[in-house]
Amino acid sequence: MLKFPPIKNTPLKLPEEFFYKKTYKLPNGSCYNEYKIWDKQGKIIGEIQTGIETISPFSKSPFFPGFKKFQSVYIYYIESHKHNFAQKMLNFIKIESQKSGCEGRFHLYANDCYTQEGKVPPHVAYRKFGMESLYELEIKQVDDFIAEKITLEDLETPEISMYYIPKELKNINIIQPEKDKKIANKTFFQKIIEFLHKK
């Protein structure tokens, strides 16, 4: 009689997708990341290329509102070869952004150059994930399409910059610090005083 019961051989459940990362060092010291996503059958179902950028309020960047300097993952290229896979890819980039010290932020240029005729442009998938844009009129059109207020034929999707900020960081990024407002006001009044003295 066995003292211990036999160990049950339970096969491990493999994930549906495998993300493979390769990092390249650039001459300026920054890093460039390339991701290949494979399915269990060994077929490539997605590709992503990213780097880290410093966003500054004085750089005239088309991304992100606000007055705070921070870093964000810039997506140079993203393409899904699998239906409804974009959301999982964006969530993966959000996690990678957190790991790299960018606090979950990422940004990209949305364009429909790879979209086949009659297919939904990527702007829609980005917006559904929670990405925003400073192009208010264009993003409103995307929102109207998601809400089924307009048809795909009426949806215009030029290339626009889009960004993602986790909900817990939004107020931190867009609110101007009070001390900066006081400095701005002080400078304004100093100019008035200087002007009066010259009189």
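Conventions adopted
Numbering of residues starts from 1 in each chain and follows the order in which that chain's sequence is written. Totals for whole chains, interfaces and linings use every residue, but because this is a predicted model, local features are given only for residues with pLDDT of at least 70 and side-chain atom pairs only at 80 or more, for both listing and counting. Heavy atoms throughout the structure, all of them, feed into the side-chain values; hydrogens and water do not. What makes two strands pair is DSSP finding at least two bridges between them. Secondary structure is summarised from DSSP: a helix means a run of H or I of at least four residues, a strand means a run of E of at least two, and numbering begins at the N terminus for each. Every angle, taken between N-to-C directions, lies between 0 and 180 degrees, and every axis is a line fitted to C-alpha atoms, over only the stretch in contact when it is a helix. Residues are treated as being in contact if the distance between any of their heavy atoms lies within 4.5 Å. Using a 1.4 Å probe on the protein chains alone, a residue whose accessible area is under 20% of its type maximum counts as buried, one over 50% counts as exposed, and one in between counts as partly exposed. A helix's residues, less one, multiplied by 1.5 Å, set its expected span. As a per-residue measure, pLDDT reflects the predictor's confidence and takes values from 0 up to 100.

Draft legend 1. Here's a closer look at the sheet that holds strand E1 (residues 17–25). Strand order in the open sheet made by the 6 strands is E1-E2-E3-E4-E5-E6, with mixed pairing throughout. Both edges of this open sheet fall to E1 and strand E6 (160–164), since each of them pairs with a single strand only. With strand direction ignored, the average angle separating the axes of adjacent strands in the sheet is 25 degrees. The pairing of strand E2 (residues 31–39) with strand E3 (residues 44–55) spans 7 bridges and is classified as antiparallel. Bridging from a neighbouring strand, Asn33 pairs with Thr50 of E3. Each of strand E4 (70–80), strand E5 (106–110) and E6 touches helix H2 (residues 122–129); the most contacted strand, E6, lies at about 25 degrees to it.

Draft legend 2. The arrangement of H2 in detail. Those residues of H2 lying buried are Pro122, His123, Val124, Tyr126 and Phe129. Its buried side turned inward, H2 meets E4, helix H1 (86–99), E5, helix H3 (136–146) and E6. Backbone geometry just after H2 places Gly130 at a positive phi near 120 degrees.

Draft legend 3. Main features of H1. The end-to-end C-alpha separation of H1 is 20 Å, in line with the 20 Å expected for 14 residues at 1.5 Å each. Every buried residue belonging to H1 is among Met89, Leu90, Phe92, Ile93, Lys94, Glu96 and Ser97, and all of these are buried.

Draft legend 4. Inspection of the environment of Pro15 at higher detail. Assignment of secondary structure puts Pro15 in the segment before E1. Residue classification places Pro15 among the partly exposed positions, given a relative accessible area of 42%. Taking C-alpha positions, Pro15 is 7.7 Å from Lys40, a pair spaced 25 residues apart along the chain.

Draft legend 5. Just the confidence of the model for the protein chain, in detail. Put simply, the protein chain has an average pLDDT of 82, and 79% of its residues get 70 or more. Between residues 174–199, whose pLDDT stays under 50, and residues either more than four places distant or in other chains, the model counts 6 contacts.

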